[in-house]
Amino acid sequence: YCSQFHFKGNHQMKEIIIQENEAGKRLDRLLKQYLSEASSGFLYKMLRKKNITLNGKKADGTEKLVSGDTIRIFMADETIEKFGNRMLKASSDQNLTEEQIQPYLDAYRKLKGITVLFENHHLVFVNKPAGVLSQKAEPEDMSLNEWLIGYLLKTGKITAQSLTTYHPSICNRIDRNTSGIVVCAVTLPGAQQMARMLKERTIGKFYRTVVAGVIEEPAHIKARIVKNEKTNTVKILPWKDSAEDDTDAVQNAGDPIETAYRPVAVNRKDQLTCLEVELLTGKTHQIRAHLSSTGHPLVGDYKYGNQKLNEKFRADYGVRSQLLHSYRLEFPQMEEPFSDLSGMKIIAPVPDPMRRILAEKFHLT
């Protein structure tokens, strides 16, 4: 945002010019961000008395903001001090401090192997290596989220000042030891668009994996999934719908999941299959647990897999985690400002040791 202070007696006028990352918000909700300690009643009173104006006019708070709108707040210094949060109190600062942005720059420098596949004004698509967290699990963790902000700062796509109102972040999460494509939002419109498309399943999400056993035909399988928060594992239950059984026990037993797959290549000698998996729902450990429940666990999966097979691949190829790679995203036709994604397929190259296994076991390049 842009802001200025104008003083008159013991009052000051705070001016906020709406930027891209705040456009689309309701005025009252944005005010609640800036005056986070104030009650809603107080904010509506200030609007009625024109202590807060929109584009120089009286507003009721329900207005949808657009880029370039100007909000003026006329309040005493002590009121700003009492009700304003960090964004309002420190808005005369031009940037966050070096100490505040250093964790992002550290993550950008220290997290290795992350590559950018495609980027535009609103979005960045990255290829995440196995071993990197998508987002923090503990406060001291360093994740792709921090790397992203460091990358955007270093390349000049955002400024330290812009971080006072909006933090770019990932839009989808993949397991720490799963590699491949992660969608990241640079702007609020980008985040909103991707959240909507991911929820509505209009983006095709395809994974590559190697599983135990021979699979010769494509399939579309359904089940229900129950997560155990204590052990961070999931259990797969048989699919039941209301037409088959409408008892409360069945309907409340976990969440429905759907997974589709097709064989890319088969190794009958070693009883292995390279699969392309389409993730139709996105639950924790879905691909790993769902395929394991059908008798085809992922190679390298120590939670749901075949331990003897895992140890063999660990000895032969150094495999230490599941061979699962978020390989391709497919986009439908899209309108501005996302038309450059229309019909696009974004592909993430498969990393080692999976690349070597696909070459040696399936002759895939």
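It should be noted that the structure appears before, not after, this text.
Residues numbered from 1 in each chain as written. Predicted model: local features only at pLDDT ≥ 70, side-chain atom pairs only at ≥ 80, totals over all residues. Heavy atoms only, no water.

Trainee: Give a detailed account of the pattern of salt bridges, specifying residues and quantitative values.
Mentor: Enumeration according to the criterion identifies 17 salt bridges in this entry. In this structure, the salt-bridge partner of Arg109 is Asp106, at a minimum N-O distance of 3.1 Å. You can see Arg109 and its partner Asp106 sitting in helix 5 (residues 98-110), three residues apart, about one turn around the helix. Residue Arg109 is classed as partly exposed on the basis of its relative accessible area, which comes to 46%. With a relative accessible area of 18%, Asp106 lands in the buried category. What you see here is one network of salt bridges that share partners, running through Arg208, Arg262, Glu276, Arg328, Glu330 and Lys345. (Salt bridge = Lys/Arg side-chain N within 4 Å of Asp/Glu carboxyl O. Helix = DSSP H or I, 4+ residues; strand = E, 2+ residues; numbered from the N terminus. Buried < 20%, exposed > 50% of the residue type's maximum accessible area, 1.4 Å probe, protein only.)

Trainee: Which residues make up the nonpolar core, and what are the values?
Mentor: Generally speaking, a soluble globular protein has its nonpolar side chains buried in company with each other. Among the nonpolar cores identified, the biggest contains 36 residues, and Val126, Trp147, Leu163, Ile287 and Leu291 are the most heavily contacted of them. Among the elements of the structure, helix 5, strand 6 (123-128), helix 6 (144-154), strand 8 (179-185), strand 9 (204-212), strand 13 (272-279) and helix 9 (286-293) are those that each provide at least two residues to this core. Per element, the largest residue contribution to this core is seven residues, and it comes from helix 6. Excluding residues within four positions of it along the chain, Leu291 makes contact with Thr209, Val211, Tyr261, Leu275, Val277, His296, Pro297 and Leu298. Ile18, Leu35, Ala59 and Ile71 belong to the second largest nonpolar core, which has 21 residues in total. (Core = buried A, V, L, I, M, F, W, Y, C linked by side-chain atoms within 4.5 Å. Contact = heavy atoms within 4.5 Å.)

Trainee: Report on the layout of surface pockets, specifying residues and quantitative values.
Mentor: A volume near 1,100 Å³ is recorded for the largest pocket. Looking at the lining of the largest pocket, the elements that each hand over two or more residues are strand 8, strand 9, helix 9 and strand 14 (324-330). Residues that form the lining of the largest pocket fall into these classes: 13 nonpolar, 14 polar and twelve charged. (1 Å grid on protein atoms, 1.4 Å probe; cavity = no way out; pocket = protein on both sides within 12 Å on 5 of 7 lines; lining within 4 Å. Points joined across faces, edges and corners; volume = space filled by probe spheres on them. Nonpolar A, V, L, I, M, F, W, Y, C, P; charged D, E, K, R; others polar.)

Trainee: Can you break down helix 11 (residues 354-362) residue by residue, with the values?
Mentor: Of all the positions in helix 11, only Met354, Ile357, Leu358, Lys361 and Phe362 are classed as buried. On an axial view of helix 11, the arc spanned by its buried residues comes to 100°, and they lie on one face. Buried positions along helix 11 lie against strand 9, strand 12 (255-267), strand 13, helix 10 (307-317) and strand 14. Note on helix 11: the residue one or two positions beyond its end, His363, has a positive phi of about 60°. (Arc of directions from axis to C-beta.)

Trainee: So what about the pairing of strand 6? Which residues, and what values?
Mentor: Most of strand 6 sits out of view: six of its six residues are buried. Judged by which residues are buried, strand 6 turns out to be covered on both faces: Leu123, Phe125 and Asn127 on one side and Val124, Val126 and Lys128 on the other are all buried. Where strand 5 (residues 115-119) meets strand 6, four bridges bridge the pair, whose relative direction is antiparallel. Pairing of Glu119 across the sheet is with Val124, part of strand 6. Taken together, strand 5 and the strand that follows it, strand 6, pair antiparallel across an intervening segment of three residues. In this structure, strand 6 lies alongside strand 8, joined through six bridges in antiparallel fashion. Within the sheet, the bridge partner assigned to Phe125 lies in strand 8 and is Val183. (Pairing = 2+ DSSP bridges.)

Trainee: So, the environment of Lys312: which residues are in play, and what are the values?
Mentor: Examined against the element boundaries, Lys312 turns out to sit in helix 10. Residues Lys312 and Pro139 lie 173 residues apart in sequence; the distance between their C-alpha atoms is 36 Å.

Trainee: Please provide a residue-by-residue account of helix 9, values included.
Mentor: Counting buried positions along helix 9 yields six of eight residues, so the element is predominantly enclosed. Those residues of helix 9 lying buried are Gln286, Ile287, Arg288, Ala289, His290 and Leu291.

Trainee: Account for the environment of Leu54, naming residues and giving values.
Mentor: Within the secondary structure layout, Leu54 lies in strand 3 (residues 52-54). Of the residues examined, Leu54 reaches a relative accessible area of 10% and is grouped as buried. When the C-alpha atoms of Leu54 and Leu65 are compared, they prove to be 9.2 Å apart, with eleven residues separating the residues in sequence. Discounting chain neighbours no more than four positions away, the residues touching Leu54 are Leu27, Ala59, Glu63, Leu65, Asp69, Thr70 and Ile71.

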